[in-house]
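This is what each chain is made of:
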Amino acid sequence: MGRTRKGRDISGWLVVDKPAGLTSTAVVNKVRWALQAKKAGHAGTLDPDATGVLAVALGEATKTVPYITDALKAYSFTVRLGVSTNTDDAEGEVIATSDIRPTDEQIKDALAPFVGDIMQVPPKFSAVKIDGQRAYKLARDGEEVEIAARPLWVDELVMTDRPDADHVTLEMVCGKGGYVRSIARDLGAALGCHGHVRELRRIWSGPFEVEDGLSMERIETLAQSPELDTYLRPVDQGLADLPEVRATAEGAVRMRNGNPGMVLASDVDYGTECWASLDGVPVAVGRYKAGELHPSRVFNL
């Protein structure tokens, strides 16, 4: 007989402004403890030294995590020019240096090839799996790893500041699976001067913005109190990029049992992935087909 998970049946999203020095998993565990929640997860890992938006899903909101993971995200980051590290960030060992320092115009011109559909090689110190093992584990063991390039959509990449000759601050909007450290590394290579990420902050992720994030100090202060619950955002915010259709009462019952259910007339096209609601509460996600939603995920709310 399986072990019963302890905690409250609480559902929703908590937006955290993650501090440097904590893993994303550690943040999720702290939030789960603070809310005494049975189930929690996050949408999009941040490196331990990165800060900014980490959207934590509780309960039924965990079923919407893939849609936030797939959504566009925005990052502000500072690149240290003239130095490469083995981790492509400030925590790694220096492996190459250069006295070359590009001009602002050279940097701006070099950004263009990084916009649109690009191929990107993840850092050697990353969670990418190679023959069943994490790349970072192989790299720590001193093994030479070859990581295949992966497609990435970069919606925007612009220079926002040049604090000094050694540093440039950029903002990037990209899709799923983007590594900012790889952008810094490859930009340094394109400029012929080397480069790595000095600071990284995620400023928004899908519908969640850093201005709405709670600090870890605030979460700990409000831990296990009713006030912390007031910061929870509804489950359907994780479905913001999908069209909504409205279920009939009978259709909602059918969908919650895993069957196609009737939804009210909608302008969504046949076969479109969307979500159905009843009285504003999410019922299911699925494909719209001829007046019915064929559910792939069902919510128990």
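Before reading on, note that the structure itself is shown above.
Residues numbered from 1 in each chain as written. Predicted model: local features only at pLDDT ≥ 70, side-chain atom pairs only at ≥ 80, totals over all residues. Heavy atoms only, no water.

Student: Quick rundown of the environment of C193? Include the residues and the values.
Tutor: Considering the arrangement of structural elements, one finds C193 in the loop between α5 (180-191) and β12 (195-205). Assessed through its relative accessible area of 0%, C193 is described here as buried. Considered as a pair, C193 and N300 are 107 residues apart in the sequence and their alpha carbons are 54 Å apart. Filtering out sequence-adjacent residues up to four positions away, C193 remains in contact with L81, G82, V83, S98, I100, P102 and G188. (Helix = DSSP H or I, 4+ residues; strand = E, 2+ residues; numbered from the N terminus. Buried < 20%, exposed > 50% of the residue type's maximum accessible area, 1.4 Å probe, protein only. Contact = heavy atoms within 4.5 Å.)

Student: Go over the nonpolar core, please, and point to the residues and values.
Tutor: By size, the foremost hydrophobic cluster in this structure holds 27 residues, and its most contacted members are Y75, F77, L157, L170 and M172. Of all the secondary-structure elements, those providing two or more residues to this core are β4 (73-81), α3 (104-111), β10 (150-164), β11 (167-174), α5 and β12. Element by element, the count of residues in this core is highest for α5, at five residues. When neighbours within four sequence positions are excluded, L157 is seen to be in contact with F77, L111, F114, V115, L170, E171, M172 and I183. If you look at the next biggest cluster of nonpolar residues, it comprises 19 residues, including I10, L35, L54 and L58. (Core = buried A, V, L, I, M, F, W, Y, C linked by side-chain atoms within 4.5 Å.)

Student: Could you give me a rundown of the side chain of T64, with the residues and numbers involved?
Tutor: Its location among the elements puts T64 in the loop between β3 (51-58) and α2 (65-69). Only 3.4 Å separates the side chain of T64 from the side chain of W13, close enough to count as a polar contact. Each residue touching T64, except ones within four places of it in the same chain, is listed here: W13, V235, G238, L239 and F299. (Polar contact = N/O pair within 3.5 Å; in protein donor to acceptor, adjacent residues only side chain to side chain.)

Student: Give me the environment of Y67: which residues, what numbers.
Tutor: Here Y67 shows up in helix α2. In sequence terms Y67 and L187 are 120 residues apart; their C-alpha atoms lie 29 Å from each other. Setting aside chain neighbours within four positions, we find Y67 in contact with G238, L239, L242, E273, V285 and R297.

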